[in-house]
Amino acid sequence: PGGCPALCECSEPARTVKCVNRNLTAVPPDLPPYVRSLFITGNPLTDLPAGAFSAQRLPDLASLNLSGNHLRTVEAGSLALPALRQLDLSGNALVSFSPQAFGEGGSPLEELALRGALRDHGVLLSLSALLQSGALRNLSRLELADNGLLLLPAGMFTALPALRQLDLSNNSLVGLRNVSFQGLGQLQSLNLSDNSLAVLWNSTLAQFRSLPALRHIVLRHNTWVCDCAIEDLVAWLKESDQVEGKEALTCASPDKMLGKALLKINGSDLNCSVPIDLPSQLQTSYVFLGIVLALIGAIFLLVLYLNRKGIKKWMHNIRDACRDHMEGYHYRYEINADPRLTNLSSNSDV
């Protein structure tokens, strides 16, 4: 007890243990109990099973760096450490992350780094379930950069009231319409740089305005589409002091707007004098069609009224013709039904 694992370097005064590039395939079971900062990086470590870190043996472990390994699974109870404040799982190819990885109760974790570790969509959903469960309510810093994310699960951040820094940079995010930032009253920094955002809708901008502590939003290197839909974003940029380097934000399309600074866009550039609102256009078309049909019906009724005498005479002629035709049918029926009349008719023909 108190010794150092054979493949690790330990410093008891600094309460630090480093097991870096040591070809480890499992967490050393004989870690010294004094450790507060543990580095296990650059190893072919693939699985983090339940009890990988003993809560009884490591009561003071506060900082755990597991980046750059080959981790694929993080099982339930594998990170249930009573003093854990910082966790780095960056650079691992995770395919399974249990929502109960931090145990049944809440975790004191404050910083979680997952840079480049969420390439699998199933892992993203598991992480979202973990965050929404409230197990990480003390989390103040969350790093999700370099993961190729297209969209984020709805409600992913709703149970993080202490979150101050959120890094979503260098992904492929195409929109934030399903993302809720409500409840992040402590959020100070939001990094959305190097994504594929074409526009930020007014619903998202309203959320940004409602966050009192949010003073640092990074939006550089996105593919802004400068058409009529970007008017709200441009107006917000001009009035807001939340965006860092907003002067450098430029249009990526269409071609006529390529490279133009968003802050220099005006209404004449976008040619939005007639708002494009498809539902309104459809509604207007339906109203117009109804008016046209009503007018045609009124004209038809008027024509009928003006020609009522001729129509009445025409109806009488049709009635007389039908009556004569039916009388002929009736006469033929009587002849065919009476054998005597049939013979008489035959003799007459002869």
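Here is what the cut-offs are and how they apply
- Residues numbered from 1 in each chain as written.
- Predicted model: local features only at pLDDT ≥ 70, side-chain atom pairs only at ≥ 80, totals over all residues.
- Heavy atoms only, no water.
- Core = buried A, V, L, I, M, F, W, Y, C linked by side-chain atoms within 4.5 Å.
- Buried < 20%, exposed > 50% of the residue type's maximum accessible area, 1.4 Å probe, protein only.
- Helix = DSSP H or I, 4+ residues; strand = E, 2+ residues; numbered from the N terminus.
- Contact = heavy atoms within 4.5 Å.
- Arc of directions from axis to C-beta.
- UniProt positions renumbered as here; feature names shortened; annotations may be inferred.
- Disulfide = S-S within 2.5 Å.

A.B. asks: Which parts of the structure should I look at to understand the nonpolar core?
C.D. replies: Generally speaking, a soluble globular protein has its nonpolar side chains buried in company with each other. With 83 residues, the main nonpolar core has Phe53 and Phe157 as its most contacted residues. Elements supplying a minimum of two residues to this core: β2 (16-20), β3 (37-41), α1 (121-132), α2 (202-210) and α3 (231-239). The biggest single contributor to this core is α1, with five residues. Discounting residues that sit within four places of it in the chain, Phe157 has contacts with Leu142, Leu144, Leu152, Leu166, Leu168, Val179, Ser180 and Leu184.

A.B. asks: Just to check I follow, could you spell out α3 for this structure?
C.D. replies: Regarding α3, the residues found buried are Leu233, Val234, Trp236 and Leu237. An end-on view of α3 places all buried positions within 165° of arc, on one side of the element. Residues of α3 that are buried in the fold lie against α2, β13 (216-218), β14 (224-225) and β15 (243-244).

A.B. asks: Would you take a moment to explain the UniProt feature "transmembrane region" (unreviewed entry) in the chain for this structure?
C.D. replies: If you check UniProt for "transmembrane region" (unreviewed entry), the listed places come out as residues 286-306 in our numbering. Helix and strand shares over residues 286-306 are 100% and 0% respectively, and the end C-alpha atoms of the span are 30 Å apart.

A.B. asks: It is not clear to me how the state of the cysteines should be interpreted in this structure. Could you clarify?
C.D. replies: What we call a disulfide is simply a covalent bond connecting the sulfur atoms of a pair of cysteines. In the structure shown here, the tally under the stated rule is three disulfides. There is a disulfide in this structure between Cys8 and Cys19, and the S-S distance comes to 1.9 Å. Judged by the sign of its S-S torsion, about 105°, the bond between Cys8 and Cys19 is right-handed. Of this pair, Cys8 sits in the segment before β1 (9-11) while Cys19 sits in strand β2; the two residues are eleven residues apart in sequence, bridging distant segments of the chain. For Cys8, a relative accessible area of 10% gives the class buried. Residue class for Cys19 comes out buried when judged on its relative accessible area of 0%. Put simply, Cys226 and Cys251 are joined by a disulfide, and their sulfur atoms are 1.8 Å apart.

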